[in-house]
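# What the coordinates show
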Amino acid sequence: MDRLFSFEGIGQLLTFDFVQNALIACAVLGIVAGALAPLIVSRGMAFAVHGTAELAFTGGAAALLIGVGVGIGAVVGAVVAGLVFGILGLRQRERDSVIGVVLAFGLGLGVLMLSLYSGRASNKFGLLTGSIVSVNSADLIVLAVVAVVVIAVLAVLYRPLLFASTDPDVAVARGVPVRALSLVFAVLVGLVTALAVPIVGAILVLSVMIAPGAAAARVTASPLAATVIAVLFAEIALVGGALLSLAPGLPVSGYVAAISFVLYVGCRVVARLRGRATVVAA
C-alpha cells in the first residue's frame, strides 16, 4: 500500500512548475469534460468517446512518427474521428457499427506507427496511459483556449443540444437542426477527448468523459444539477488523482479511473437507497 499511497515530500513537489501546470490542466479539463459528460450519456455516445480516444491515439502516434507535437496530432485525429462518426453514424442503429469499423482501423494504424517510431519508449507509453507531468505552459494555453471555445459553444447551443439529445424525433419535428448539432457536438467531444488523452491516456479517457455524467444521472434528473455534479466529480477525480499520484510517481490515469469508479458506485448506492425509501414511504 505504501507504494500506491504516499504523501512523503508532496509539499515540496507542489512547488515545482510542472506539478502546478499538471494540476491546472486537470482543473481545466475537469470543467469541460464534466460539462459535456451528461450530454454524452443522454445521447448514448459512450462508445463514440472510446472510438474518438483511440483515433486521438492514432493522431498522436502519427505526430510522434513525423516529428510534430503529439497534442496537435491528437487533436487532429480526435476531430477527424468526431466528424466521421457524426457524418456516417447519425442513426442510432448505424452508430455502433460505424464506430467499431473506424476504431479498429485507427487503432491498428496507430499500433503500426508506434512500432515504426524509434524514439523513447516513454513517449509511446504516455499515449496509452497519459503523462501529465509533461504538460508545459504552451500546452496550458492550448487547453485554456479550447476550453473557452467549448464552453462558449455549449452556452450558445445548450438548449437545442439538450432537446436533440433527450428527444431527437420531436426535435426534428420542431425544426431543430439535429444533424448540424450532432456534427458540432461530435467536434466538441473530439476536442475535449484530444485534450484528455495526454493527461489520462487513450485507454482511460472514459473515466473523465463518461463516468462523471453517468454518476450524476443516478442522483438527479435535472440537466443543470447533473452538469454541476458531473463537473464536481470530474474535478475530484482529476485533481484528486493527480495529487495521489505525485509521491508514488505512478501514472495518474489509474488513480483518476479508480476515483471515478468509486463515485459512480457511490451514486448507484444512493439511488438504490432513495428508491427503497420511496417504496417504504408509499
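The model shown is predicted, which means the values in this text are computed figures rather than measured ones. The numbering scheme is per chain: residues are counted from 1 as the chain's sequence reads. Totals for whole chains, interfaces and linings use every residue, but because this is a predicted model, local features are given only for residues with pLDDT of at least 70 and side-chain atom pairs only at 80 or more, for both listing and counting. Think of the side-chain values as coming from all heavy atoms in the structure, minus any hydrogens and water.

Along its length, the protein chain carries 13 helices and 0 strands. Counting from the N terminus, the helices are DSSP H or I runs at least four residues long and the strands are E runs at least two residues long. Ordered by position from the N terminus, the helices and strands of the protein chain form the series α-α-α-α-α-α-α-α-α-α-α-α-α. Using a 1.4 Å probe on the protein chains alone, a residue whose accessible area is under 20% of its type maximum counts as buried, one over 50% counts as exposed, and one in between counts as partly exposed. The 282 residues of the protein chain split such that 45% are buried. Any two residues whose heavy atoms approach within 4.5 Å are treated as being in contact. Sequence separation of at least 24 residues holds for 76% of the intrachain contacts in the protein chain that already meet a minimum separation of 6. Here the protein chain has roughly 13,500 Å² of accessible surface; of this, 71% comes from carbon and sulfur atoms. Surface accessibility follows the Shrake-Rupley procedure with a 1.4 Å probe radius. Residue values consider only the protein chains on display as shielding.

Look at helix α2 (residues 17-42) against helix α12 (residues 223-246): their axes get within 7 Å of each other, and the N-to-C directions meet at 155°. Classed by the angle they form, the pair α2 and α12 counts as roughly antiparallel. Considering how the two elements wind past one another, α2 and α12 form a crossing that is right-handed. Within the contact between the two elements, α2 uses Val19, Leu23, Cys26, Ala27, Leu29, Gly30, Ile31, Gly34, Ala35, Ala37 and Pro38 and α12 uses Ala226, Thr227, Ala230, Val231, Ala234, Glu235, Leu238, Val239, Ala242, Leu243 and Leu246. Axis definition: a line fit to C-alpha positions, over the contact stretch in the case of helices; interaxial angles, taken between N-to-C directions, run 0 to 180 degrees. Small angles under 35 degrees read as roughly parallel and large ones over 145 as roughly antiparallel, with 65 to 115 read as roughly perpendicular and the rest as oblique. In this scheme the crossing of two helices becomes right-handed for a clockwise turn of the near helix relative to the far one and left-handed for an anticlockwise turn of less than a right angle.

Moving on, we come to the UniProt feature "transmembrane region" (unreviewed entry) in the protein chain. Mapped onto this numbering, the UniProt entry gives "transmembrane region" (unreviewed entry) at residues 22-41, 62-85, 97-117, 138-158, 178-211, 223-246 and 252-271. Taken end to end, residues 138-158 is 100% helix and 0% strand, and its first and last C-alpha atoms sit 29 Å apart. This span, residues 223-246, is 100% helix and 0% strand, and a straight line between its end C-alpha atoms measures 34 Å. UniProt positions are given in the numbering used here, feature names are shortened, and annotations may be inferred rather than shown by experiment.

This next bit is on the packing of aromatic side chains. To pair, rings of Phe, Tyr and Trp, with the six-membered ring standing in for Trp, must have centres within 6.5 Å; the planes then decide the type, stacked if under 30 degrees apart, edge-to-face if over 60, and tilted in the middle. With the rule as written, the count across this model stands at 1 aromatic pair. Each ring, one from phenylalanine 16 and one from phenylalanine 18, has its centre 5.8 Å from the other, and the planes form 15°; the classification is stacked. The class of phenylalanine 18 is partly exposed, set by a relative accessible area of 36%.

Residues form patches when they are more than 30% accessible in relative terms and have no salt bridge. Like charges link within 9 Å. Nonpolar side chains (Val, Leu, Ile, Met, Phe, Trp, Tyr) link within 5 Å. A pair is scored as a salt bridge if a Lys or Arg side-chain nitrogen falls within 4 Å of a carboxyl oxygen belonging to Asp or Glu. A cluster of nonpolar side chains, namely Leu65, Ile66, Val68, Phe105, Leu109, Leu112 and Leu116, defines an oily patch on the protein surface of about 680 Å² accessible area. Counting residues per element, the ones that place at least two in the nonpolar patch are α3 (46-66) and α5 (92-116). Position of leucine 112 relative to the elements: it lies in helix α5.

For the rest of this paragraph, the subject is the nonpolar core. Across soluble globular proteins, nonpolar side chains show a tendency to be buried alongside one another. Think of a nonpolar core as a cluster: buried Ala, Val, Leu, Ile, Met, Phe, Trp, Tyr and Cys residues, connected wherever their side-chain atoms sit within 4.5 Å. Counting residues in each nonpolar core, the largest one holds 66 residues, and the members touching the most others are Leu29, Ile40 and Met209. Looking at this core, the element that brings in the most residues is helix α9 (residues 178-200), giving 13 residues. In contact with leucine 29, not counting residues within four places along its chain, are Gly34, Val192, Leu195, Ala196, Ile199 and Leu238. Counting 6 residues, the second-largest nonpolar core is a separate cluster that includes Ala61, Leu64, Met113 and Leu114.

The next subject is the packing of helix α7 (residues 137-166) against α9. A pair of packed helices is characterised by two quantities: the angle between their axes and the separation of those axes. Contact geometry for α7 and α9: axes closest at 10 Å, N-to-C directions at 150°. In this structure, α7 crosses over α9, and the sense of that crossing is left-handed. Seen from α7, the contacting residues are Leu143, Val146, Val150, Val153, Leu154, Leu157, Pro160, Leu161 and Ala164; seen from α9, they are Val178, Leu181, Val184, Phe185, Leu188, Leu191, Val192 and Leu195. We call Asp, Glu, Lys and Arg charged. Ala, Val, Leu, Ile, Met, Phe, Trp, Tyr, Cys and Pro are nonpolar, and the rest, Gly among them, are polar. Residues of the contact of α7 with α9, tallied by class, amount to 17 nonpolar, no polar and no charged.

Moving on: α2. One fewer than the residue count of a helix, multiplied by 1.5 Å, yields its expected span. Compared with an ideal rise of 1.5 Å per residue, which puts 26 residues at 38 Å, α2 spans 38 Å between its outermost C-alpha atoms and is within 8% of the ideal. One or two steps after α2, the chain reaches glycine 44, where phi turns positive at roughly 65°.

Let us look at α3. Each full turn of the α-helix corresponds to 3.6 residues, which orients residues three or four apart in the same direction. An ideal rise of 1.5 Å per residue puts 30 Å on 21 residues; α3 measures up with 31 Å between its terminal C-alpha atoms. Of all 21 residues in α3, 15 are buried; the element is thus mostly enclosed. Phi turns positive, to about 85°, at glycine 67, one or two residues after α3.

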